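Okay, here's what each chain looks like letter by letter:
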Amino acid sequence: MTATSAWSWRSLRLAPPLLPLLPVLAWLPVLLVLPGLSHGGGWDLIGQFAWAAFNPSLDPLVLGSLLSGLGITVGIALLGWALSLALGLLGGVLSSRTVWRTLIGSALPAELIRRLLAVPRAMHELLWGLLLLQLLGLQPVVAVLAITIPYAALVARVVSDLLDALPTQGLEALRLAGAPAAPALLTALGPALQPGVISYGGYRLECALRSATLLGVFGLGGLGTDLRLTLQSLQFSELWSGLWILLLVMLALEALLRALRQRWAMPARFGLTRRSVGRGGREVALGLVLLLPLLVLVAAALGVSPLQLGQLQPLPPFTADWPAVAALPWLSLIGSTLGLTLLAAALAVGSAPLLLLLLAPWPWGRVLIQAVWALGRLWPPPLTALLLLFVLQPGVLTAALALAFHNLGILGRLLLEAEESAPMQAEEALVAAGAGPRLALLYGRFSALARSYLAYGAYRADVILRETVVVGLVGAAGLGSLLLESLSSFAIDQLIALVAVYVLLTLMGEDLSDRLRRRLLAA
Amino acid sequence: MLAVPCPLLNRPNFPVLSSSPDRLLLELCSIRVPGRSAPRLDDVSLQLRPGERVALVGPSGAGKSTLLAVANGLIRPEAGELFWNGAAPARSRRRRRLQQALIGTLWQDLRLIEELTVQQNLNAARLARWGWPRALLNLMLPVETAANTEVLARVDLSADLLEQPVTALSGGQRQRLALARLLRQDPLLLLADEPLAHLDPRLARDLLDLLLKQASGGRALLLSLHRPDLLAGFDRVVALRQGRVVLDAAPSGLTGQQLAALYRSEA
Amino acid sequence: MFSLPLLRPRLPRPGFRLALLAGLALALTPAALPPQLQQVAPQLAGAQAQQKLLRISAIPDQKPETLNRLYPLVASELSRSLGVPVKYVPVTDYTAAVSAFRRGDLDLVWFGALTGVQARLQKPGAKVIAQRDIDASFQSFFIANTASGIKPIANQKGLSVLKGKRFTFGSESSTSGRLMPQYFLGQAGVRLSDFAGGAPGFSSSHDATIALVQSGAYQAGVVNEEVWQSNLSSGKTDPKKVIVIWRTPGYANYHWLAQPNLDQRFGKGFTTRLQSTFLNLRASNPKQAQILDLFGAKRFIPAPVSQYDSIEKVGREIGKIR
């Protein structure tokens, strides 16, 4: 009515609450293309799949085999996680600038170690698994190591970032007072590091469970294998028995970690729950003491032993035909992989806040989206992809939908947690002034969440780039599908080239998403 | 001792959007809100007529904030009845929203949306009356600039601030912006929870004058405050103590002794 | 720090004890299941430690239940006849089977022609032990969903009707479910990118291919003759919904492949005895009859290595052998 004439494209500026919703626009082209891609051939299979959710098989034989698969998966996750945490802490200290500056006065070794650690991080755990499978054979230790190696590098990076972000006044004071370097570091930085490490460490265990399941899908043992076999032989009731079991375990784990995080890593608010650092520290120590024998027990039960590392074998003999490798259509391979990444990231990042906005005010809405998101986290993307193939044609879009669903589960949960812990006064004020629940949520709460959510989304995009390899079997044209094909052809030269390209791409993606994140958080 | 019986009248069961001199703007009847040990509000009744300016006083913890939260619908009392402009809180979501739009609150912590601009914050007060398209447009383009300029002028803020982020404002400017947002909402019933608490005397006086000025033309003001020296412009003073109304009188009739007694438990 | 600002849950505390219990129970799951785990895990560990255990396996080309029924029978028959402990080690992936054979983790494996060639190339000296009577001239069947409108075709050239259709192979490394069919498709001028969606599917096993084509998820597919027949006779396949449209010419396929060092490990002449055990399986012996029946064969016959030369050639042409 008033300022309409003044509107122009130049004055168009998106306010923070809209930013997380912006990627939702990626759905528009997807929805346009989707009818053309769907062939509808397998809708009755999808129906059977959905129906089987309510009719899981209760056959003791099936359940027994699933439980033992679950045992292997959980065991692999636990071992891989514990190892990666130990190695990652060590690596984190070794790649911390503060530490090196205190010890030798120069941060150069830290920079060097940081660069080195980028390589194991850039390879998805599945790639590590398939590679180690060639070197070590079919042994449970392969899956454990496949999780340990990239996770340790990730933990190292986070720990060193945490370390370097800590205020150093205490450390300097101790050093000036004449304390030796190592004890000074431990005293000044150790306790301050604890909450961050505990919070992040717990989160890594959740990831480890997902990774262990995924490795199983690719034949490295455990429940994932059962899930894949039952899906491929269309035994949906048995499939759902496995899914329900895994869902229970995942939710229990998440609840446990959440409780521990609150107990050990959160500052007591308002002094209502007075808890000294000392008690938290003692409990953490007790937890570690309890964990150690458990890990030994698990390792024994799984038949994982360090001795197996001694059985390294060379890669199979191969004739390197580098010109042929160079002649691969690299540009289109990389292009479709990047396209897949961006599309999946946009769909996942945008859908989570949209769903929350649409469903949250409805009483059962929250329960419903939490259920859908739990399923997304639980359900490895290659299996979603296989399921989608019942009704969609293979291709980048199908792969993107599968990846997006999985990451929606992860992003959505984080969004919900952040939303629950964000201050709600502004939203309350809007409701009191008569705004509808959705608009109040959008204006009042998304405003505060937008930047940190998008920053996390940027990090997630970088993870998705690594994950494109796991949906190779439906990707049709990307690096991932070629990688799986060259593995089954034992085309080692091609494999090396593909892995190198993946590493390069992820390193570049990591750098980009780091910059984006810094910009978002600084603004 | 001052319990006002609720008149048994035939009341409309739909929100009434305009005020009328013979209708109470706010009516609380024997409100009870439970608390941890003692009830936060116990048998509280209060009536506001159009044009009335009522100060709510009492020591900390007497229930002033709770009473305001009941009055603006955030807290649902355990017992007692509540009427806005003659109508009980509506059941239907849409009607309830229209009803809420008639009640404006000036929050002690302001509750501005820090990440948005001044203009977007002002427009946020209109969300009850706007549909989604305009609500979304407000997050992209300048919307209803003229109306916003006008309310900013009423609180002595320059229109140059419209496109500034809230974070760029000074403390005093933020206080005024919160008031401007209240004006933009254009409610019949103005509630204010200790709006003067952290202001220096001059600013406090200015803001209070602005608020008192708004309670005219069929509007009413209910304001909680801590300072006996600022009671002059009010029509009535309602004192709370331990969740109960202990006094409801014109400020002119209050003796210094009575006032001192109200705040005594704080010492 | 990307995750920390978001990882700030605010939940009431009462769930803590419950969560702790749940977590403990969860952590103990793997430890509480040793009996089953023992069957799965340690069998793979340490080739050196298991000098006297003959580990047999098979590529997972059929439903796991079928495999789990058949191979323990084979294991016990071999154990009886050879006098050494024999254990069946299930493998979940064709490629993993080849890798495990190369590493010496598996002593005797039932390979397809392609995986067998891959394994022999990676493990020079590996010995082809035997094949079934049907393996010397094995066939693949192209099948189609009746609703797709695809009709049986008269000759190989007719395969071009599959262009633009949703088509699935079995496993990527399957001889009868991928390699030879792709070869015959190529001869008929059908490339992989000609299928709907720009690529074929890989269902992972023959049983899955039949189920997917029958359901309509894929309009056509290719399976091996043996699995098709057994699905048809067991009534799992509905001939009204899925039909055979073309049978390929015969080619050599499945065979038992043994490690080169079995004689050193189990004594002189062990490989020969192993071979004769297979060749002497007879339908007159009830237990052996059961094995032969599950294998879908009348008996096992010697397998001349030269018959896989053409497979190797096709494998190289298609790029599955380097």
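Residues numbered from 1 in each chain as written. Chains lettered and ligands numbered in written order. Predicted model: local features only at pLDDT ≥ 70, side-chain atom pairs only at ≥ 80, totals over all residues. Heavy atoms only, no water.

### Overview of the overall build of chain A
- From N to C terminus, chain A includes 22 helices and 0 strands.
- On C-alpha atoms alone, chain A measures out to a radius of gyration of 24 Å, which is about the 24 Å that the 2.2 N^0.38 rule sets for 523 residues.
- In terms of overall dimensions, chain A has C-alpha extents of about 75 × 75 × 55 Å along its principal axes.
- A burial count over chain A gives 61% of its 523 residues as buried.
- The contacts of chain A with a sequence gap of at least 6 include a subset with a gap of at least 24, amounting to 80%.
- Distance between charge centroids for chain A: 11 Å, based on 32 positive and 25 negative side chains. (Helix = DSSP H or I, 4+ residues; strand = E, 2+ residues; numbered from the N terminus. Rg over C-alpha atoms; globule rule 2.2 N^0.38 Å. Buried < 20%, exposed > 50% of the residue type's maximum accessible area, 1.4 Å probe, protein only. Contact = heavy atoms within 4.5 Å. Lys, Arg positive; Asp, Glu negative; His and termini not counted. Charge placed at Lys NZ, Arg CZ, Asp CG, Glu CD.)

### With respect to the domain arrangement of chain B
Residue and element names in this part refer to chain B.
- Along its sequence, chain B is carved into domain 1 (25-102 + 188-205 + 215-267) and domain 2 (117-186).
- Put simply, the middle of domain 1 and the middle of domain 2, counted by C-alpha atoms, are 27 Å apart.
- In this complex, domain 1 contributes 9 residues to the contact, which on the side of domain 2 involves 8 residues.
- Across the domain 1 to domain 2 interface the summed buried area is about 760 Å²; carbon plus sulfur atoms make up 49%.
- As a salt-bridge pair, Arg219 and Asp186 come within 2.6 Å of each other at their nearest N and O atoms.
- At the junction of domain 1 and domain 2, the tally comes to 3 residue pairs in polar contact (both at pLDDT 80 or more).
- Looking at the side of domain 1 that touches domain 2 element by element, the count peaks at 3 residues for helix α2 (residues 93-101). (Domains from an automatic or database assignment. Buried area = accessible area lost by both parts, 1.4 Å probe. Salt bridge = Lys/Arg side-chain N within 4 Å of Asp/Glu carboxyl O. Polar contact = N/O pair within 3.5 Å; in protein donor to acceptor, adjacent residues only side chain to side chain.)

### As for a nonpolar patch on the surface
- A cluster of nonpolar residues, A:Trp362, A:Trp364, A:Val367, A:Leu368 and A:Val372, forms a patch on the protein surface that exposes about 520 Å² of accessible area.
- Mapped onto the fold, A:Trp362 is located in the loop between α14 (330-359) and α15 (365-378). (Patch = residues over 30% accessible without salt bridge, like charges linked within 9 Å, V, L, I, M, F, W, Y side chains within 5 Å. Areas by Shrake-Rupley, 256 points an atom, 1.4 Å probe, with all protein chains shown as cover.)

### A look at the packing of aromatic side chains
All names here are of chain C.
- Throughout the structure, instances matching the rule amount to 29 aromatic pairs over all chains.
- Here the aromatic rings of Phe278 and Phe300 are separated by 5.4 Å at their centres, their planes lie at 55°, and the arrangement is tilted. On the criterion of sequence distance, the pair formed by Phe278 in helix α10 (residues 270-279) and Phe300 in strand β11 (residues 300-301) is long-range, its members being 22 residues apart. Grouping residues by exposure puts Phe278 and Phe300 together as buried.
- Each member of the aromatic cluster is reached from another via a ring pair, and the members are Tyr71, Tyr88, Trp110, Phe138, Tyr251, Tyr254, Trp256, Phe278, Phe295 and Phe300.
- The ring centre of Phe141 lies 4.6 Å from the NZ or CZ of Arg247, which sits over that ring. (Phe/Tyr/Trp six-rings, centres within 6.5 Å; stacked < 30°, edge-to-face > 60°. Lys NZ or Arg CZ within 6 Å of the ring centre and 35° of its normal.)

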